[in-house]
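The residues making up each chain are set out below.
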Protein chains: 2
Amino acid sequence: MSTSTKAEIIGILGGMGPAATADFYAKLVAITPGSSDQDHLRTVIWSDPTIPDRTEALLGGGPDPTPWLLDGSRVLREAGATVIAIPCNTAHAFVPRIADRVGLPIVHMIGEVARHLSELTPRIHTAGLLATTGTIRAGLYQEWLDRLGIRLVLPDASSQDREVMTAVRAVKAGARDDSTTALLARAAHRLAEQGAQAVIAGCTEIPLGLPTDAVDVPLVDPALVLARALVRRATTTGGAG
Amino acid sequence: MSTSTKAEIIGILGGMGPAATADFYAKLVAITPGSSDQDHLRTVIWSDPTIPDRTEALLGGGPDPTPWLLDGSRVLREAGATVIAIPCNTAHAFVPRIADRVGLPIVHMIGEVARHLSELTPRIHTAGLLATTGTIRAGLYQEWLDRLGIRLVLPDASSQDREVMTAVRAVKAGARDDSTTALLARAAHRLAEQGAQAVIAGCTEIPLGLPTDAVDVPLVDPALVLARALVRRATTTGGAG
């Protein structure tokens, strides 16, 4: 890989949750082309699991995580990061509040997923979403997919609560067993029945609990889409540093 | 977990290699007790894969990585880290050159492994080591185990070169297949034949290529020992912050 690649320093604003951050960094390393350490991208990760719960803030019950996100962004900027990635879907609801104040470009995970879906062949018209209630209420995927003419189908209230959120909490608690997988697979199956031609694993915990072969339609992992976007950016632009 | 735990901010000086850093952080998260994000430790990771090869430096052919390690330590300190962990065995050869200059305690991975081995029951008298040629030449494990009265057995020159280093390079290049596992399992088996009652997977790439069930004696993963030491420290001292 060229030296221009190495000018980019990836800043990862993480900890939401920490397992998803570790998984995201592992994916970034795994998809970076190269055969020796020195081919890889310099990366700085601020993993702050004390950032207040994003879903609770969006549902009106919890403190606003914005100051924590700004603090973390500052750490990344001072460490020399040239771009910021946030491997947490729900946190993207707060991107408009921080984007102008971090002084670095943010590669928008949800925007990248929408673009990825719009480029699939054969072209799809309906996608399903498994995500936290916070992400769904904030309308993050809805907004991006609407623009690209893709219809979004969601779990009904009961499936959202009893299947998706139960599974997300189980993964966050370190429990990734067959019953967690069964909950998510059932919710994904319902989305496919509603016409979803692909399902977005729209919370970074979900791919950890749901193997792709447990779902009949393609499962899109936003963390992997984001990692690919970062590698593409570092390789083609040569970074900002 | 108590709020005192959260005063500690773990600084990980990584990138040597990047996959091992991702794996180390995943292990740290996995063994941290707690059931929600907020129970986890704040962590800052500087992952610089451009740090010159440690083995080459120790064997006399490559640039000294010390300035890179000091730079990374400064990033971690400025980000608020209260302790430094270095999930790379070979890099520990350079710890004496940086320890006085980083201004933060370093939890010494090799010292922790030696202590762990000395506390096993039944007590062991001989341990085997799979590590890079740089780690072996630098005598890192030798020195720590000598103090605790544990004999160290090593692969012969041919096994070191053709089995261990070939496998380490394969893992760094992203190739973790059955042939890599076979190379490492064969080298570990030879150490057990020489009397090793436990084998140290003394390069952070080795546990990625060698499952514990491929070896007849206990396989000690220094990354996991280091992660446990960090969690113990954060929980008992309440950190320095």
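Predicted model only: the values in this text are computed from it and were never measured.

Participant: Residues and numbers for the nonpolar core, please.
Facilitator: It is characteristic of soluble globular proteins that their nonpolar side chains tend to be buried jointly. Within the largest apolar cluster, 82 residues are counted, with the highest numbers of intra-cluster contacts made by Ile86 and Leu117 of chain A together with Ile86 and Leu117 of chain B. Look past the residues within four positions of Ile86 of chain B in its chain and what remains in contact with it is Leu13, Met16, Ala91, His92, Val95, Ile98, Ile106, Met109 and Leu226 of chain B. With 40 residues, the next largest nonpolar core counts Ile12, Val107, Ala223 and Val231 of chain A among its residues.

Participant: So what about the domain arrangement of chain A? Which residues, and what values?
Facilitator: Residue and element names in this part refer to chain A. Each domain of chain A was delimited in the assignment, giving domain 1 (3–108 + 224–236) and domain 2 (110–222). One C-alpha centre belongs to domain 1, the other to domain 2, and the line joining them spans 21 Å. Opposite the 23 residues of domain 1 that make contact, domain 2 presents 27 residues. Carbon and sulfur atoms supply 56% of the area that domain 1 and domain 2 bury against each other, a total of about 1,800 Å² over both sides. The three residues of domain 1 that bury the most area against domain 2 are Asn89, His108 and Val225, which together make up 37% of that side's buried surface.

Participant: Describe the relation of the copies chain A and chain B, naming the residues involved and giving the relevant values.
Facilitator: For the pair chain A and chain B, the relating rotation is 180 degrees, the translation along its axis is 0.0 Å, and the fit reaches an RMSD of 0.0 Å. Both copies of the chain, as the preceding transformation shows, are related through a two-fold rotation axis. Measuring from the rotation axis to each C-alpha of chain A, the shortest distance belongs to Ile45 of chain A, at 2.5 Å. In this assembly the copies share their binding face: 100% of the residues contributing to the interface of chain A also contribute to that of chain B.

Participant: A description of empty space enclosed by the protein should follow, citing residues and the corresponding values.
Facilitator: Applying the stated criterion across every chain yields a total of three cavities of 30 Å³ or more. The space that makes up the largest cavity amounts to roughly 60 Å³. As for the largest cavity, its lining consists of Arg74, Val75, Glu78 and Ala79 of chain A together with Arg74, Val75, Glu78 and Ala79 of chain B. Going through the elements one at a time, helix H3 (66–78) of chain A together with helix H3 (66–78) of chain B are the ones with two or more residues in the lining of the largest cavity. Within this model, the second largest cavity holds a volume of roughly 40 Å³. Around the second largest cavity sit Tyr25, Leu28, Val29, Thr32, His40, Leu41 and Thr43 of chain A together with Pro18 and Pro49 of chain B, which together line it. Among the elements that take part in the lining of the second largest cavity, helix H1 (residues 18–31) of chain A stands out by supplying three residues, more than any other. Within the lining of the second largest cavity, the residues separate by chemical class into six nonpolar, three polar and no charged.

Participant: Please set out the packing of aromatic side chains residue by residue, giving values where relevant.
Facilitator: In the structure shown here, the tally under the stated rule is zero aromatic pairs over all chains. Lying over the aromatic face of Trp144 of chain A, Arg147 of chain A brings its terminal NZ or CZ to 4.4 Å of the ring centre.

Participant: So what's going on with the sheet that holds strand S4 (residues 106–107) of chain B? Residues and values would help.
Facilitator: Strand pairing in a sheet relies on backbone hydrogen bonds, with the paired strands running either antiparallel or parallel. The sheet built from eight strands is open, its strands ordered S4(A)-S3(A)-S1(A)-S2(A)-S2(B)-S1(B)-S3(B)-S4(B) with mixed pairing. Of all strands in the sheet, those bounded by a partner on one side alone are strand S4 (106–107) of chain A together with S4 of chain B. In the sheet, strand S3 (residues 83–85) of chain B pairs with S4 of chain B via two bridges, with the strands oriented parallel. Across the sheet, the residue bridging to Ala85 of chain B is Val107 of chain B, located in S4 of chain B.

Participant: Give me the lowdown on the interface of chain A and chain B, citing residues and values where you can.
Facilitator: On the chain B side, the residues contacting the 35 residues of chain A number 35 residues. Taken together, the two surfaces of chain A and chain B that pack against each other cover about 2,700 Å², and 60% of this comes from carbon and sulfur. Here chain A is connected to chain B by zero salt bridges. Scanning the region where chain A abuts chain B turns up five residue pairs in polar contact (both at pLDDT 80 or more). Mapped onto the side of chain A that touches chain B, the elements with two or more residues apiece are H1 and strand S2 (42–47) of chain A. For the side of chain A that touches chain B, the leading source of residues is H1 of chain A, giving seven residues. The class makeup of the residues in the side of chain A that touches chain B is 18 nonpolar, ten polar and seven charged. As defined by bridge partners, S2 of chain A adjoins strand S2 (residues 42–47) of chain B across five bridges and the pair is classed as antiparallel.

Participant: Describe the pattern of salt bridges, with residues and values.
Facilitator: Two side chains bearing opposite charge may form a pair once their charged atoms approach each other closely. Residue and element names in this part refer to chain A. Counting across every chain of the model gives 22 salt bridges over all chains. A salt bridge links Arg74 to Glu78, with the nearest nitrogen and oxygen atoms 3.5 Å apart. With a gap of four residues between them, Arg74 and Glu78 both fall in helix H3, about one helical turn apart. We classify Arg74 as partly exposed; its relative accessible area is 33%. Where salt bridges share partners, they join Asp23, Lys27 and Asp221 into one cluster.

Quick notes on the rules
- Residues numbered from 1 in each chain as written.
- Chains lettered and ligands numbered in written order.
- Predicted model: local features only at pLDDT ≥ 70, side-chain atom pairs only at ≥ 80, totals over all residues.
- Heavy atoms only, no water.
- Core = buried A, V, L, I, M, F, W, Y, C linked by side-chain atoms within 4.5 Å.
- Buried < 20%, exposed > 50% of the residue type's maximum accessible area, 1.4 Å probe, protein only.
- Contact = heavy atoms within 4.5 Å.
- Domains from an automatic or database assignment.
- Buried area = accessible area lost by both parts, 1.4 Å probe.
- Least-squares fit on C-alpha atoms with pLDDT ≥ 70 in both.
- 1 Å grid on protein atoms, 1.4 Å probe; cavity = no way out; pocket = protein on both sides within 12 Å on 5 of 7 lines; lining within 4 Å.
- Points joined across faces, edges and corners; volume = space filled by probe spheres on them.
- Helix = DSSP H or I, 4+ residues; strand = E, 2+ residues; numbered from the N terminus.
- Nonpolar A, V, L, I, M, F, W, Y, C, P; charged D, E, K, R; others polar.
- Phe/Tyr/Trp six-rings, centres within 6.5 Å; stacked < 30°, edge-to-face > 60°.
- Lys NZ or Arg CZ within 6 Å of the ring centre and 35° of its normal.
- Pairing = 2+ DSSP bridges.
- Salt bridge = Lys/Arg side-chain N within 4 Å of Asp/Glu carboxyl O.
- Polar contact = N/O pair within 3.5 Å; in protein donor to acceptor, adjacent residues only side chain to side chain.

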